[in-house]
Structure formats: C-alpha cells, structure tokens
Amino acid sequence: MRPKAHRPSNLKLLTVGVFVAFLLLFVLRSSFSSSNPDALLPKDPKIVTGRAENCSRTCTKIPPSLSQVLIHYTTSTITPQQTLKEIKVTSRVLQKKSPCNFLVFGLGHDSLMWAALNHGGRTIFLEEDAAWIEQIRRRFPMLESYHVTYDSRVNQADELMEVGKGPECTAIADARYSMCQLALKGLPTEVYNTEWDLIMVDAPTGFHDEAPGRMTAIYTAGMMARNRGSGPGSGETDVFVHDVNREVEDKFSRQFLCEGYMKKQEGRLRHFTIPSHRDGMERPFCPL
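Residues numbered from 1 in each chain as written. Predicted model: local features only at pLDDT ≥ 70, side-chain atom pairs only at ≥ 80, totals over all residues. Heavy atoms only, no water.

A.B. asks: How do you make sense of the overall build of the protein when you look at a structure like this?
C.D. replies: In terms of regular secondary structure, the protein is built from eleven helices and seven strands. Counting all 288 residues of the protein, 48% fall into the buried class. In the protein, once contacts between residues fewer than 6 apart in sequence are set aside, the share between residues at least 24 apart is 69%. A total of about 14700 Å² of accessible surface is found on the protein, and carbon and sulfur atoms cover 54% of it. (Helix = DSSP H or I, 4+ residues; strand = E, 2+ residues; numbered from the N terminus. Buried < 20%, exposed > 50% of the residue type's maximum accessible area, 1.4 Å probe, protein only. Contact = heavy atoms within 4.5 Å. Areas by Shrake-Rupley, 256 points an atom, 1.4 Å probe, with all protein chains shown as cover.)

Printed below as a string of structure tokens:
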C-alpha cells in the first residue's frame, strides 16, 4: 500500500535505522552460526588456518540482498509504517521460523525489511496500486510482488460482518472455491498453492469510506491459516493485523481471527496464532 508522505524526526529516523540494521545483522549472524558447525569448534590456530586456506572468500560475506537493505535503511529519509515495538513483535516470530513462507498484504517502505528478515525464505507482497508496484520494482527488483484488486468498500463493512457469520463463511475451505462473499478468489495461484507460516495484513487502503478496506484480507488470512495442511511442516500460522485502532481492523480481526487465538497486541498491531482446522480435531471456528 502506498504510504502517506510524512517527514519523520531525525531522532526517529536514526533510531529506526539503527534498529533495522541491528536486526538484519543479528539474523545474518544467527543464520551463519546455525549453518556453519565449525563456528562452534575450539579456535585452534592450526584448524582455523587450514579452514581459511580451503574456504572461499564468500564463506562469511554478507549476501548482496542484505547489503542493499542495510544501505537503504541507513540512508533513507523515510521510515517504515510500523513503530519499533510493533516491528519487534513480528521480527521475534521471524527469528524463530525463518526461512519460511511469509505473505504480506501491502507493499510499502517496510517491505525490504520484511524480505530481509526472512532471508532464505519466500516473501510475497500483494498490492492494490499497480503504479506503486512498478515504482518499487524499479528500485528493488528482488522483491516478489503481485497486483490484486478488491471489490469491497469500507462503507460495506457492517453488511459484510453479518454475511461472514453465515455457514458458508464458517465452513473451512480453500478460499478460491469458497462460497463466502468475504473470500478473496482472484489472488495469484502462488498464494493459494503455498502454506503460509506468517501472514501480515497491512493493506489494502482503509482510511475512508470508499477505500477497499481490509475486511476480505483479514477473513482470507484466517481461512488460509485454518485450511492449512496438518502434515509435517504444517500446523499453526502466525497472523498479524496492523491499524487495529480503526473500527474495521478491530472488529474483523476479533471476529474472524478470533480473540481466543490472539497472542499479543502492541500499539496498533495484533498477533494471532491460528491452528490448522484440518488436523482431524473437531474445532469450532473460534475457540470457546
């Protein structure tokens, strides 16, 4: 989602830049340590010398994608849309699960950060503004993004809330074949064919009556989590919704992601952990 233009204070810019750089370096260091068992061995000078002779210079080199992220955020005059505390909620989950599959509704100034924090995984961004996608692609061609359209409007939220309570919307099904009016059926095939470990709903636009609103995005995120397979590598999906200070995001996240699945709220961000409803257990749509 194309963010509103604003001028952050120098202190906020510096703080966010340092935080993002620290996060990326921490992830890189952790990834290297876990993938390099020799890092845990005693530092015998002979062993170290021998390894250095046989190892290419790329063994500990920062990947070009992460280098670009560090440079971007330490020199940018625009900060991510979320606050430091809000970013930390998702980054902690990514630290545990990455590399993983991460679906983000929205494409903004924080997209490069999310892709980097999921280094080695797959991060897809869904964006309503085709012109904004092209602008971002020219600057950051490594980001995987797709244009999507929404038929809903914020002024339809009350009607859609009642529709969502019907049996066709509480039945667990693949969103593209669902009979529920809230289900998004025109997303890219890659989105439906992937089991998502994390889903972030930070789009589409929802701050005025004629905007698409996030009703369908929130519902579809919850349905994808419930419809996730129950085999090895499957299980719970972490779903995040931003801007829950607004009425639509507040009510629809509570109704369709369920208060019983909510793990935490930090500022305007809510974190839900939704289990698969295809694991053979008889689960109600929301926990009782």
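Let's pick the thread back up.
A.B. asks: Explain the packing of aromatic side chains to me, please; I cannot follow it from the model alone.
C.D. replies: The geometry of two aromatic rings is summed up by the distance between their centres and the angle between their planes. Applying the stated criterion across every chain, the model contains three aromatic pairs. Between Phe102 and Trp114 the ring centres are 6.1 Å apart and the planes differ by 75°, which places this aromatic pair in the edge-to-face class. One end of the pair, Phe102, is in strand S1 (residues 101–105); the other, Trp114, is in helix H5 (residues 111–117), with twelve residues separating them in the sequence. Both residues of the pair, Phe102 and Trp114, belong to the buried class. Residues Phe252 and Phe256 carry aromatic rings whose centres are separated by 5.5 Å and whose planes lie at 40° to one another, so their mutual orientation is tilted. Here Phe252 and its partner Phe256 are both found in helix H11 (residues 247–258), four residues apart, which amounts to about one turn of the helix. Counting every residue linked through ring pairs, the aromatic cluster contains Tyr219, Phe252 and Phe256. (Phe/Tyr/Trp six-rings, centres within 6.5 Å; stacked < 30°, edge-to-face > 60°.)

A.B. asks: Is there a simple way to explain the sheet that holds strand S4 (residues 198–201) in this structure?
C.D. replies: Hydrogen bonds between backbone groups are what pair the strands of a sheet, and the pairing can be parallel or antiparallel. Taken together, the seven strands give an open sheet; going across it, the order is S3-S2-S1-S4-S5-S7-S6, and neighbouring strands pair in mixed fashion. Single-partner strands in this sheet number two, and they are strand S3 (144–147) and strand S6 (262–266). Taken over all neighbouring pairs, the strand axes of this sheet differ in orientation by 15° on average, direction set aside. Sheet strands in contact with helix H6 (residues 130–139) are strand S2 (122–127) and S3, and its direction is about 160° off that of S3. Packing of H11 onto the sheet brings it into contact with strand S5 (237–242), S6 and strand S7 (269–274), and relative to S7 it is tilted by some 10°. (Pairing = 2+ DSSP bridges. Axes fitted to C-alpha atoms, helices over the stretch in contact; angles between N-to-C directions.)

A.B. asks: Whenever I open this one, the confidence of the model for the protein confuses me. Can you help?
C.D. replies: Note: predicted coordinates in regions of low pLDDT should not be interpreted at a detailed level. Summarising the model, the protein shows a mean pLDDT of 84, and 72% of its residues fall at 70 or more. Here residues 5–15 scores under 50 on pLDDT; set against residues more than four positions off or in separate chains, the count is nine contacts. Taken together, the stretch residues 31–53 has pLDDT below 50 and engages in four contacts with residues farther than four places along the chain or on a different chain. (pLDDT = per-residue confidence, 0-100.)

A.B. asks: Help me understand unusual backbone geometry in this model?
C.D. replies: What you tend to see is this: most non-glycine residues have negative phi, and most peptide bonds are trans. With an omega of 0°, the peptide bond running from Ser98 to Pro99 counts as cis. Mapped onto the secondary structure, Pro99 falls in the loop between helix H4 (84–97) and S1. A positive phi angle is found at Asp243, which is not glycine, with a value near 70°. Turning to its location among the elements, Asp243 is positioned in the loop between S5 and H11. Given the relative accessible area of 8%, Asp243 is considered buried. Of note in this structure, Cys258 is not a glycine but carries a positive phi near 80°. Within the secondary structure layout, Cys258 lies in helix H11.

A.B. asks: Would you mind showing me how to read H4 here?
C.D. replies: Along an α-helix, residues three or four positions apart point the same way, because every turn accommodates 3.6 residues. Between the first and last C-alpha of H4 there are 20 Å, a value that for 14 residues agrees with the 20 Å anticipated at 1.5 Å per step. Among the residues of H4, Glu86, Ile87, Val89, Thr90, Ser91, Val93 and Leu94 are the ones counted as buried. (Expected span 1.5 Å × (residues − 1).)

A.B. asks: When you look at the environment of Gly222 in this model, what are you seeing that I'm missing?
C.D. replies: By the secondary structure assignment, Gly222 is in helix H10 (residues 215–226). Separated by 16 residues in the primary sequence, Gly222 and Asp238 place their C-alpha atoms 9.7 Å from one another. Not counting residues up to four positions away in its chain, the partners in contact with Gly222 are Phe256, Leu257 and Ile274.

A.B. asks: What exactly am I supposed to notice about the side chain of Ser253 here?
C.D. replies: When you line up the elements, Ser253 lands in helix H11. Owing to a relative accessible area of 0%, Ser253 belongs among the buried residues under this scheme. In this view, Ser253 contacts Ile218, Val241, Val244, Val248, Cys258, Arg270 and Phe272; residues no more than four positions away in its chain are not counted.

A.B. asks: Looking at this structure, I do not really get H10. What am I missing?
C.D. replies: With twelve residues, H10 extends 17 Å from end C-alpha to end C-alpha; this agrees with the ideal 16 Å at 1.5 Å per step. The buried fraction of H10 is high, at twelve of twelve residues.

A.B. asks: Got a minute to help me understand the nonpolar core in this structure?
C.D. replies: Side chains of a nonpolar character, in soluble globular proteins, are inclined to be buried together. Among the nonpolar cores identified, the biggest contains 45 residues, and Leu103, Phe105, Leu126, Ile199 and Phe252 are the most heavily contacted of them. If we ignore the near neighbours within four places in the chain, the residues touching Ile199 are Phe102, Leu103, Phe105, Ala221, Met224, Thr237, Asp238, Val239 and Phe240. (Core = buried A, V, L, I, M, F, W, Y, C linked by side-chain atoms within 4.5 Å.)

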